[in-house]
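Inside the fold
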Number of protein chains: 2
Amino acid sequence: MLTIAYDGTDYCGWQIQKNGLSIEEVLTKAVRKVTGEEIPVWGASRTDAGVHALGNVVTFDTESTVPTEVFARALNTHLPDDIRVRSSREVPDSFNPRYDGLKTYEYYVLNTPDEIPTERRTHWYVTYKLDLDQMRKAASLFVGEHDFASFCCPRTNARGTVREVTAFDIRKEGDLITFHVEGTGFLYNMVRIMVGTLIRVGRGFYGPEQVKEIMEAKDRRKAGATAPPQGLFLIGIDYPALA
Amino acid sequence: MLTIAYDGTDYCGWQIQKNGLSIEEVLTKAVRKVTGEEIPVWGASRTDAGVHALGNVVTFDTESTVPTEVFARALNTHLPDDIRVRSSREVPDSFNPRYDGLKTYEYYVLNTPDEIPTERRTHWYVTYKLDLDQMRKAASLFVGEHDFASFCCPRTNARGTVREVTAFDIRKEGDLITFHVEGTGFLYNMVRIMVGTLIRVGRGFYGPEQVKEIMEAKDRRKAGATAPPQGLFLIGIDYPALA
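How each quantity is defined
Residues numbered from 1 in each chain as written. Chains lettered and ligands numbered in written order. Predicted model: local features only at pLDDT ≥ 70, side-chain atom pairs only at ≥ 80, totals over all residues. Heavy atoms only, no water. Buried < 20%, exposed > 50% of the residue type's maximum accessible area, 1.4 Å probe, protein only. Helix = DSSP H or I, 4+ residues; strand = E, 2+ residues; numbered from the N terminus. Arc of directions from axis to C-beta. Contact = heavy atoms within 4.5 Å. Salt bridge = Lys/Arg side-chain N within 4 Å of Asp/Glu carboxyl O. Buried area = accessible area lost by both parts, 1.4 Å probe. Polar contact = N/O pair within 3.5 Å; in protein donor to acceptor, adjacent residues only side chain to side chain.

A word on helix H5 (residues 208–217) of chain B. Residue and element names in this part refer to chain B. Of the positions making up H5, those classed as buried are Pro208, Val211, Ile214 and Met215. All buried residues of H5 fall inside an arc of 100° around its axis, so they share one side. Residues of H5 that are exposed and angled more than 90 degrees away from the buried face: Glu209 and Glu216. The inward-facing, buried residues of H5 contact helix H3 (132–140), strand S7 (144–147) and helix H4 (190–203). Among the residues trailing H5, Lys218 stands out with phi positive, at a value near 50°.

Set out below in structure tokens:
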């Protein structure tokens with residue numbers, strides 16, 4: 001099991017695609033170089049184009065005699081500097097990184113018209129005045145088990161749209177607004193649509209109570225625009241079974 | 001007078017060059033589009049390739065009737081998103097941004113082997129254990145008026161090598177070490193060579209007292225390696241005459 005970090009800016013996302021370079025493709029090639037085996041890798045989260053990770057989780061099955069903890073360093077010599085393996089460890093054969101993980105995402109908004117170019121790849125600049133209290137009230141409505149059909153890109157083939165969000169906090173420090181979201185599973189674009197909807201609440205387009213109505217409508221068109229990818233970070237995935 | 005910010009990663013530095021795109025070239029083209037005049041721009045600091053700015057200062061002389069404070073917005077529509085004009089104002093004809101400014105630089109080191117790809121364009125990763133106390137003692141020796149010939153790239157044509165550093169603080173917060181440097185003038189590569197030398201002190205190659213000897217030697221070869229450009233930010237330039 002690898003814990004990996006990446007700057008998603010120059011990739012078409014996690015998943016291998018015909019048109020564009022993916023994290024999965026680059027990582028698979030590095031794993032094949034180190035192991036000498038034609039094996040696939042399994043990613044826990046298929047992040048979108050432009051989305052970053054501090055702790056996505058990847059597994060592969062190998063016969064290699066390379067000590068498990070040496071894999072991180074060995075793989076990093078074959079990876080570009082925008083993809084880094086932070087750690088490597090052995091896990092049981094039965095472990096599937098797609099299941100039973102508690103995921104933490106953070107979305108970073110800079111709430112100022114004064115755009116700093118070095119921040120633009122990792123933040124969404126929102127220039128409007130935002131009402132944080134209203135946004136926090138609305139965010140609390142996401143916590144719990146709900147049908148998130150309204151907060152899901154319709155181009156999805158996930159089984160069902162009920163998911164559980166276990167925490168949703170909004171923190172402010174200077175111009176930086178951090179949306180901290182935890183849950184056991186997320187639909188395609190779900191965090192970004194929730195953030196986009198909360199920004200509408202913050203701008204006063206509608207109140208927190210309408211977020212409940214949007215959720216009940218189970219209709220993507222009722223929710224706000226999808227927040228852009230560059231502000232989203234997959235912070236980490238915690239697997240209670242591995243603790 | 002423009003206050004500009006940029007991500008220097010994809011530029012060959014401030015100054016126009018034959019081989020590569022410079023900040024100066026991109027900004028000059030934008031100014032010519034907005035004013036309709038074939039005029040040059042004057043930059044306060046000729047930052048190197050890969051070095052960033054939050055507040056470099058640029059002036060130009062124009063007959064344009066565009067209101068001074070509107071220039072920032074007008075120029076930004078003609079600039080790529082890695083160069084932003086943060087503000088624009090009118091200054092007296094006699095004002096020359098190259099002189100009499102108090103410059104503030106910061107250099108960011110992440111002192112951990114755990115490289116985060118989204119930080120790599122704006123930080124230098126130093127994995128060695130560092131002795132901050134020794135580094136702070138050495139840094140204090142830079143403060144004051146000194147001959148900085150040992151801390152200057154020999155490919156320079158600056159008149160003289162005596163400069164005044166008015167502040168040099170080293171701050172630590174988690175893995176982040178910030179070198180905060182203020183002064184009225186800096187030689188070519190001076191901040192990066194001072195930082196590279198302080199890292200040698202922190203690693204225990206030599207003690208703070210040797211920094212004094214290095215300074216007195218007036219020989220670039222005595223000082224440490226030049227720290228890489230991506231950690232350096234020109235934070236801002238303060239002109240007492242404009243206050």
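Still more to cover.
In this section: the pattern of salt bridges. All told, the structure shown has 22 salt bridges over all chains when counted by the stated rule. Between A:Asp7 and B:Arg120 there is a salt bridge, with its nearest N and O atoms 3.2 Å apart. Of this pair, A:Asp7 sits in the loop between strand S1 (2–6) and helix H1 (23–35) while B:Arg120 sits in the loop between strand S5 (102–110) and strand S6 (124–125), on two different chains. In terms of burial, A:Asp7 and B:Arg120 fall into one category: buried. What emerges from the salt-bridge pattern is a single network uniting A:Asp7, A:Asp81, A:Arg121 and B:Arg120.

This part covers the interface of chain B and chain A. Tallying the contact residues gives 19 residues for chain B and 19 residues for chain A. Buried area between chain B and chain A, both sides added, is near 1600 Å², and the carbon and sulfur share of it is 58%. Area buried by chain B at its contact with chain A is led by B:Pro117, B:Thr118 and B:Arg120, which between them contribute 33% of it. Counting across the interface, chain B meets chain A through six salt bridges. Here chain B is connected to chain A by six residue pairs in polar contact (both at pLDDT 80 or more). For the side of chain B that touches chain A, the secondary-structure elements that each account for two or more residues are strand S1 (2–6), strand S3 (52–59) and strand S4 (83–88) of chain B.

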